[in-house]
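# Inside the fold
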Amino acid sequence: MTAGPRPVRAPRGTTLTARSWQTEAPLRMLMNNLDPEVAERPDDLVVYGGTGRAARSWDAYDAIVRTLTTLGDDETLLVQSGKPVGVLTTHEWAPRVLIANSNLVGDWATWPEFRRLEHLGLTMYGQMTAGSWIYIGTQGILQGTYETLAAVAAQRFGGTLAGTLTVTGGCGGMGGAQPLAVTLNGGACLIVDVDGSRLARRVHDRYLDRVAGSLDEALSLVLAAKRSRTALSVGVVGNCAEVLPALLRRGVAVDVVTDQTSAHDPLAYLPVGVALDEWADYAAAKPDELTDRARESMARHVEAMVGFLDAGAEVFDYGNSIRDEARRGGYDRAFDVPGFVPAYIRPLFAEGKGPFRWAALSGDPRDIATTDAAVLDLFPDDDHLHRWIRAAQERVAFQGLPARICWLGHGERDRAGLRFNELVASGGVAAPVVIGRDHLDAGSVASPYRETEAMADGSDAIADWPLLNALVAASSGATWVSLHHGGGVGMGRSIHAGQVSVADGTDLAARKLARVLSNDPAMGVLRHVDAGYARADEVADAHGIRVPMREG
Ligand code: NAD
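Residues numbered from 1 in each chain as written. Predicted model: local features only at pLDDT ≥ 70, side-chain atom pairs only at ≥ 80, totals over all residues.

An unreviewed UniProt entry lists the protein chain under the name Urocanate hydratase, with Cellulomonas algicola as the source organism. You can read under Pathway (unreviewed entry) in the UniProt record for the protein chain the words "Amino-acid degradation; L-histidine degradation into L-glutamate; N-formimidoyl-L-glutamate from L-histidine: step 2/3." (UniProt positions renumbered as here; feature names shortened; annotations may be inferred.)

## What about the site of the ligand?
The local shell around the ligand holds 34 residues, among which Gly-170, Gly-172, Met-174, Gly-319 and Asn-320 are the closest. Sorting the residues of the shell around the ligand by element identifies α4 (139-156), β7 (188-193) and α8 (240-249) as the ones contributing at least two each. Residues that form the shell around the ligand fall into these classes: 14 nonpolar, 16 polar and four charged. Residue contributions to the shell around the ligand reach at least three from each of two domains, namely domain 1 (1-135 + 349-552) and domain 2 (139-338). (Near = placed C-beta within 6 Å. Helix = DSSP H or I, 4+ residues; strand = E, 2+ residues; numbered from the N terminus. Nonpolar A, V, L, I, M, F, W, Y, C, P; charged D, E, K, R; others polar. Domains from an automatic or database assignment.)

## Digging into the UniProt feature "domain: Urocanase N-terminal" (unreviewed entry) in the protein chain
The feature "domain: Urocanase N-terminal" (unreviewed entry), as given by UniProt, occupies residues 8-134 in the numbering adopted here. Regarding residues 8-134, the helix share stands at 28% and the strand share at 18%, and the terminal C-alpha atoms are separated by 16 Å.

## Description of the UniProt feature "domain: Urocanase C-terminal" (unreviewed entry) in the protein chain
UniProt marks residues 347-540 with the feature "domain: Urocanase C-terminal" (unreviewed entry), using the numbering shown here. End C-alpha to end C-alpha, residues 347-540 measures 14 Å, and it is 46% helix and 18% strand.

## Quick look at the domain arrangement of the protein chain
Partitioning the protein chain into domains gives domain 1 (1-135 + 349-552) and domain 2 (139-338). Relative to domain 2, the C-alpha centre of domain 1 lies at a distance of 28 Å. If you look at the interface, domain 1 gives 28 residues, while domain 2 gives 24 residues. Contributions of two or more residues to the side of domain 1 that touches domain 2 are made by α3 (111-119), β12 (354-360), α14 (383-395) and β13 (403-408). By residue number, the principal contributor to the side of domain 1 that touches domain 2 is β13, which donates four residues. By residue class, the composition of the side of domain 1 that touches domain 2 is 14 nonpolar, seven polar and seven charged. (Contact = placed C-beta atoms within 7 Å.)

## Topic: the packing of helix α17 (residues 507-530) against helix α18 (residues 534-543)
The contact between α17 and α18 brings their axes to 8 Å, and the two run at 130 degrees. In this view, α17 runs oblique relative to α18, as classed from their interaxial angle. Judged by the twist between their axes, the crossing of α17 over α18 is left-handed. Between α17 and α18, the contacting residues are Val-525, His-528 and Val-529 on the first element and Ala-536, Asp-537, Val-539 and Ala-540 on the second. Considering only residue class, the contact of α17 with α18 consists of five nonpolar, one polar and one charged. (Axes fitted to C-alpha atoms, helices over the stretch in contact; angles between N-to-C directions. Parallel < 35°, antiparallel > 145°, perpendicular 65-115°, else oblique. Left-handed = near helix turned anticlockwise from the far one by under 90°.)

In structure tokens form, the structure reads like this:
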């Protein structure tokens, strides 16, 4: 008999289910990814991002749990696209889990071929942190979105979004961070989603202020907030491919436009004219026809975004590949819209800065308060970081195990990790802490429509870097390491790696953390040194990161 869905929640407290914290940690984080508070569709093992899964099937999930429960600290579990396929004898510095998700050979790396193989039960879509067990709910993306919108505010609006209106679409697992990121930057936000339950969920989680009953009502609320320079976010049920062109026709004064519908997967973008409750059956019955219709709708959607660009608004693609889908849908100006990484994030990547995150395995929110204080204490002069942590403490509701994210760079992440390990050792926190990151990081991803768009040397599609990154993490003592394809922007468009390490308070963990948390961001610096970014050269020099081609 095959196993079926059931509610999953990670154990809390200090009683081990597995044989050590090095295996308890991946076990709890896998379960945490499927916690109904965390996952978008836990019964289907879908965590976020369209169909990003934590395990291939419930049988595979049970086998992973069973294996982690008995795994030794000199053994390594191999997970192939969400299914455990082997246990090998390794050594205590080796990762306890090695994960490869959704990888396909180049010519076969298309959605139809992926789906054929998925249908045969041979693979699953791992997104970035779904299949690598370090998704921490919408907070994970909130900080990145907050950083991006802060950069927009700095570049265009004098450092604040107060007095501006941002229009966007998609209020799902990731996209749901947008309204709060706008209001944290002081602005007004209108967010459009075809599914009212997604909007309601974000109101419940305090990421969205309210939902309007109609577009007219939503507009009167956000325009009043814009006039009074009040921070307010309003959701409205609608299809972006209809609502954005309507806003453009009506001449609504929009300042910032972006989008986070699940455009990376045409079957996860609802075309105009298809009812919400018919969507899933239609996708299953006629995937090619639905894909064509979704692309046509995306073409109308992006055409309206370009209309706002022409009218002088700040418009950017937010990493969901909607430009390429619109181009395939017949719209030839889609790439007039810039991607957000070259526009705002690359200077941070050149310093090895990226989304550092951690979770308290105790389940006790006080452990996050303690680690927050440790981070504020370690970096007393970083005003931006202090503002973010305080805002997160006030506004972010934890989902699943309490967790925090902030962007730290080379020379910072290892210090934070070691401080956390000391806190575990001294009993300053109740249980070990896992430290990981998104795959969207400085040196861990090749994604020409997103993280590596418009690299200075044209190396956008060179995918050696994420492979090296995974090998470096595995060689440096990470607890679990993952290598995925297709996350964020979809099949054929990205290759990326992740690592998670466990601060369990031991000396061995300290030695591993010191290496992993400096070598991992060093990959970001090296990637950008190699591509010719002067800032990366400066950071490499200042931090003693060796670059053989510049030596001798
Ligand atoms: P999700 O599947 O949880 O949510 C997508 C939402 O879009 C759903 O609520 C759905 O109802 C809505 N939607 C679909 N078609 C629509 C339409 N035509 N009009 C209005 N709403 C529509 O996905 P998610 O996790 O929120 O991710 C969204 C996208 O952002 C994905 O493509 C993902 O890969 C990408 N992403 C970007 C970043 C980044 O850093 N910028 C990070 C992660 C993910």
